[in-house]
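# Fold and contact review
What follows is each chain in one-letter form.
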Amino acid sequence: MNDSLKPLMFTVGLIDRISGPAARATRSFDGLIDSAKTGFEDMRSGAMGLAGTGFLIYESLTPAIEMNRALAETRSIGIQETALQQLNDTALELSATYGVVAAEVVGSGAHISKAIKGLTGDELSAFTSASAVLAATTKATMEETSLYITQMYERFKGTADAMGKAQWVEQLVGQTNYLSKELGTNTTDIADAMQGINNLGSGLGVAMEEQLAVLATLSKSTGIADAEAQYTNFLEYAVAAQDKLGMSFTNSNGKLLPMLDILDKLQTEFGDLSGANAWAKLDEAFGDGSKLIQQLSKDTAGLGKTINDLGKLNNMAQAAEAAQAMTDPWQQLASTVNAVRIAMGQALLPVIEPVIQWFADMARELLLLIKLLPNITKVIGVTALIILGLASGMALLTIAVGIGKAAWAGWLMVMNLAKIATAAYTAVQWLLNAAFVASPIGLIIIGFTALVAGLYAAWQGIKLLWNLFRESSAGQFLMATVAGIVNWFKSLGGIVDWVIDKLDMIPGVNIGIDSVDPTAALPYSGTTAIDTAALTTDIYYHKEDMTSELPYRKTGMTNEVPAGGVTNQISKSIADHSSQQTTTSFIRN
């Protein structure tokens, strides 16, 4: 091997020894990262699949689970299974009919069962249906309507038991719906007002529809709070007012007469009840209850109509129709679908719940084993932590690699931004140049530059044409002709010398020229290239100097050189040399 190649071969071998293991290490590292990614991807896919399956199962059974929880709460009150099943069926039917939530219906039934003891399955279903219809028609919640119904039952328990609980609650819902639509009252206001009156009206034998009518009519002008206070004062002073006024407001059974009859008696006694005389006596007899008498006396016809209409309502048929008309079809559809899910889930839960219970029992036994075997638990826990630690380490390594790739991508982005900035700078510079060119100064500079470029191009073209012409036969002929003319002019120097010689032979004529080197006065010597035109001009202007400084032109010297002698030879030599140099120079150019 050549010694000069040894350093190169050493370098190649060293690179090969280094790059090979480095490439293998890189491939191994990449394989490790890929394995980690595959493992994490498998874990993620498995975990997501398991969680997704469990979530779908749980979500599909959630309505049924919630329904069973509500039924279990109701069962804890002591409701029989037949009544619970009837309540469950009623809730599903109401959900599909009015768009209410079935679990809320069961919750309402549980609340009613707690407040009203001893309800049968039919009565519980009736109360729950009445609560749902009232909620739909008044846009109240099931909790509010169930509370209203139980409070009203406590006020009119005797009437409800005598009439029948199911029929009474339907009548209550029908009358409440009428007051809501005709007089704008709501269940909350009525319940609060009846809570303030307590059992005064019921104790005096005032019918439920009359109490509702008085409160609703009075609240139109005074508000429900003032209506409740005035009616309470009236009921409290009604019996005592009989003695003060000398009038009777009760029947033979000691029950209070209807409100319209009392107002009629007072008007018969005092005439205009809003007068000052009547006002003083009524205030003394009824206290603040006199305000109720004055307000209701202004609209006895309206009060009578309300009482009459409420008395005709002995069911909730109109309320049910209104509730169904006010039901949102989209909400009804959603509730119907939910009811179907509940029914299907209740059919599946008896099969699934034993499996769930088995898992719960296994978890309980595992908890017992953890308490009984703490050392084994510790080993299992440490092993799990080691596995998780290794997985975490690979996760951190993967994160580091990802950060490195992201950083490299960021660097590439920075470089791309730099390229964009450079391009933008170039574009701006181009725009500035274009703006400068468009200005008058720029146009002048461009014009001058174009002129110089045009002259330079013309000169180069002339030189090219001249060289081509000089190389041609016509050019060679022209150069030869010019050279002959130049030589002829040079030969004139010999003729002048001959003429001067002859003139010196004439007595009295002495043209003397000192002896000098004939080449000393010449501006061209040696191998200097001589232009033919310049040479001809120099010979013309220097011929007198040449002839006057010849050494053989001294006074009295005999002419030893024939005509066309040394001068002729020198001129010929100079001409020949000049022609040769000129030709060579033209050829080179």
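Residues numbered from 1 in each chain as written. Predicted model: local features only at pLDDT ≥ 70, side-chain atom pairs only at ≥ 80, totals over all residues. Heavy atoms only, no water.

### So, the overall build of the protein chain
Our working definition: Per the convention used, a helix needs a DSSP run of H or I reaching at least four residues, while a strand needs a run of E reaching at least two, with both numbered from the N terminus. All accessible areas in this document rest on Shrake-Rupley with a 1.4 Å probe, and a residue is counted as covered only by the protein chains that are shown.
Of the regular secondary structure elements, the protein chain holds 22 helices and zero strands. Put simply, the protein chain shows about 34900 Å² of open surface, and 64% of that area lies on carbon and sulfur atoms.

### Side note on unusual backbone geometry
The cut-off we apply is this: Under the scheme applied here, a residue whose accessible area is under 20% of the maximum for its type counts as buried, over 50% as exposed, and between as partly exposed, the area being computed with a 1.4 Å probe on protein chains only.
Phi angles above zero are rare outside glycine, and K139 is one such case at about 60 degrees. With a relative accessible area of 58%, K139 lands in the exposed category.

### Some points on the pattern of salt bridges
A side chain with one charge can pair with a side chain of the opposite charge if their charged atoms come near. Heads up, the rule is: Each salt bridge in this description consists of a side-chain nitrogen of Lys or Arg and a carboxyl oxygen of Asp or Glu lying within 4 Å of one another.
Per the stated rule, a full pass over the model turns up six salt bridges. Among the salt bridges present, the one from K157 reaches D161, with a minimum N-O distance of 3.0 Å. Of this pair, K157 and D161 both sit in helix α6 (residues 157-163), four residues apart, which is roughly one turn of that helix. According to the relative accessible area criterion, D161 is partly exposed, its value standing at 33%.

### Some points on the packing of aromatic side chains
Put simply, the test is: When two rings of Phe, Tyr or Trp (its six-membered ring) have centres within 6.5 Å they constitute a pair, described as stacked for plane angles under 30 degrees, edge-to-face for angles over 60, and tilted for the intermediate range.
As enumerated under the stated definition, the model contains six aromatic pairs in all. Between Y153 and W168, the ring centres sit 5.8 Å apart and the planes meet at 70 degrees, which makes this aromatic pair edge-to-face. With Y153 in helix α5 (residues 142-155) and W168 in helix α7 (residues 165-182), this pair connects stretches of sequence that are 15 residues apart. Like W168, Y153 is buried. Here the aromatic rings of W358 and F359 are separated by 5.1 Å at their centres, their planes lie at 70 degrees, and the arrangement is edge-to-face. For W358, a relative accessible area of 48% translates into the label partly exposed. Taken together, the ring pairs in this structure connect F127, Y153 and W168 into an aromatic cluster.

### Concerning helix α13 (residues 276-286)
How we decide: Read the arc as the range of directions from the helix axis to the C-beta atoms. Residue contacts are defined here by distance: any two heavy atoms, one from each residue, within 4.5 Å place the two residues in contact.
Of the residues making up α13, those classed as buried are A278, L282, A285 and F286. Here the buried residues of α13 occupy an arc of 75 degrees about the axis, which is enough to place them on one side. Away from its buried face by more than 90 degrees, α13 exposes A276, N277 and E284. The inward-facing, buried residues of α13 contact α11 (224-245), α12 (259-270) and α14 (289-297). Looking at the residues trailing α13, positive phi occurs at G287, about 65 degrees.

### Side note on the side chain of S95
Within the secondary structure layout, S95 lies in helix α2 (residues 81-98). Among all residues touching S95, those that are not within four sequence positions of it are V100, A102, Q332, S335, T336 and A339.

### Notes on a nonpolar patch on the surface
Spelled out, the test is: Without a salt bridge and with relative accessible area above 30%, a residue can belong to a patch; like charges are then joined within 9 Å and nonpolar side chains (Val, Leu, Ile, Met, Phe, Trp, Tyr) within 5 Å.
Together, L366, L368, L369, I370, L372, L373, I376 and I380 make up a nonpolar patch on the protein surface, roughly 770 Å² of accessible area in all. For the nonpolar patch, the secondary-structure elements that each account for two or more residues are α17 (329-372) and α18 (374-438). For the nonpolar patch, the element with the most residues is α17, which contributes five residues. Relative to the helices and strands, L373 resides in the loop between α17 and α18.

### Remarks on the nonpolar core
To keep it simple, the criterion reads: Residues belong to one nonpolar core when they are buried, are Ala, Val, Leu, Ile, Met, Phe, Trp, Tyr or Cys, and are joined through side-chain atoms within 4.5 Å.
One finds W168, Y231, F234, L266 and F286 to be the most contacted residues of the largest nonpolar core, which totals 88 residues. Ranked by the residues each element gives to this core, the list is headed by helix α4 (residues 121-138), at eight residues. Every residue in contact with F286, bar those within four places of it in the chain, is listed here: N233, F234, Y237, A238, A241, L245, F249 and I293.

### What to know about the packing of α2 against α17
The cut-off we apply is this: Helix axes are fitted to C-alpha atoms over the stretch in contact, other axes to C-alpha atoms as well, and angles between N-to-C directions run from 0 to 180 degrees. Oblique is the label for any angle not covered by the other classes, which are roughly parallel (under 35 degrees), roughly antiparallel (over 145) and roughly perpendicular (65 to 115). By the convention adopted, Pro, Cys, Tyr, Trp, Phe, Met, Ile, Leu, Val and Ala count as nonpolar, Lys, Arg, Asp and Glu as charged, and the other residues, Gly among them, as polar.
Interaxial distance between α2 and α17 falls to 7 Å at its minimum, and their mutual angle equals 150 degrees. The angle between the axes of α2 and α17 places the two elements in the roughly antiparallel class. Packed against α2, whose contacting residues are N88, L92, S95, A96 and T97, the element α17 presents Q332, S335, T336, A339, I342 and Q346 at the interface. Of the residues contributing to the contact of α2 with α17, the split by class is four nonpolar, seven polar and no charged.

### Thoughts on the confidence of the model for the protein chain
In low-pLDDT segments, the atomic positions of the prediction should not be examined closely. Counted only if it meets this: Across the chain, each position has a pLDDT score giving the predictor's confidence in that residue, from 0 to 100.
With 77% of its residues at a pLDDT of at least 70, the protein chain reaches an overall mean of 76. Across residues 513-571, where pLDDT falls below 50, the model places 82 contacts with residues more than four positions away in sequence or in other chains. Counting contacts from residues 577-589, a segment whose pLDDT is below 50, to residues more than four positions away or on other chains yields 24 contacts.

### Focus: the environment of F469
Secondary-structure assignment places F469 in helix α19 (residues 440-471). Among the residues examined, F469 registers a relative accessible area of 33% and is labelled partly exposed. The residues touching F469, leaving out its near neighbours within four places in the chain, are A474, G475 and L478.

### Focus: the side chain of S113
Take S113: it is sitting in helix α3 (residues 102-115). Judged by relative accessible area, S113 falls into the buried class, the value being 4%.

### A word on the environment of H111
As for its position among the elements, H111 is in helix α3. A relative accessible area of 33% means that H111 is categorised as partly exposed. Among all residues touching H111, those that are not within four sequence positions of it are S146, L147 and T150.

### Thoughts on the packing of α2 against α3
What counts, and what does not: Left-handed describes a crossing whose near helix is turned anticlockwise from the far helix through less than a right angle; right-handed describes the clockwise counterpart.
For the pair α2 and α3, interaxial distance at closest approach is 8 Å and the crossing angle is 135 degrees. Comparing their axes, α3 and α2 come out oblique. Remark: the crossing between α2 and α3 carries right-handed chirality. Counted together, L87, A91, L92, L94 and S95 of α2 and A102, V105, V106 and G109 of α3 form the full contact between these two elements. Across the contact of α2 with α3, the residue classes break down as seven nonpolar, two polar and no charged.

### Focus on helix α10 (residues 208-222)
As a reminder of what qualifies: To estimate how far a helix should extend, the number of its residues minus one is multiplied by 1.5 Å.
The end-to-end C-alpha separation of α10 is 21 Å, in line with the 21 Å expected for 15 residues at 1.5 Å each. Within α10, 11 of the 15 residues are buried, leaving the element largely enclosed by the surrounding structure. Those residues of α10 not exposed but buried are M208, E210, Q211, L212, A213, V214, L215, A216, T217, L218 and S219.

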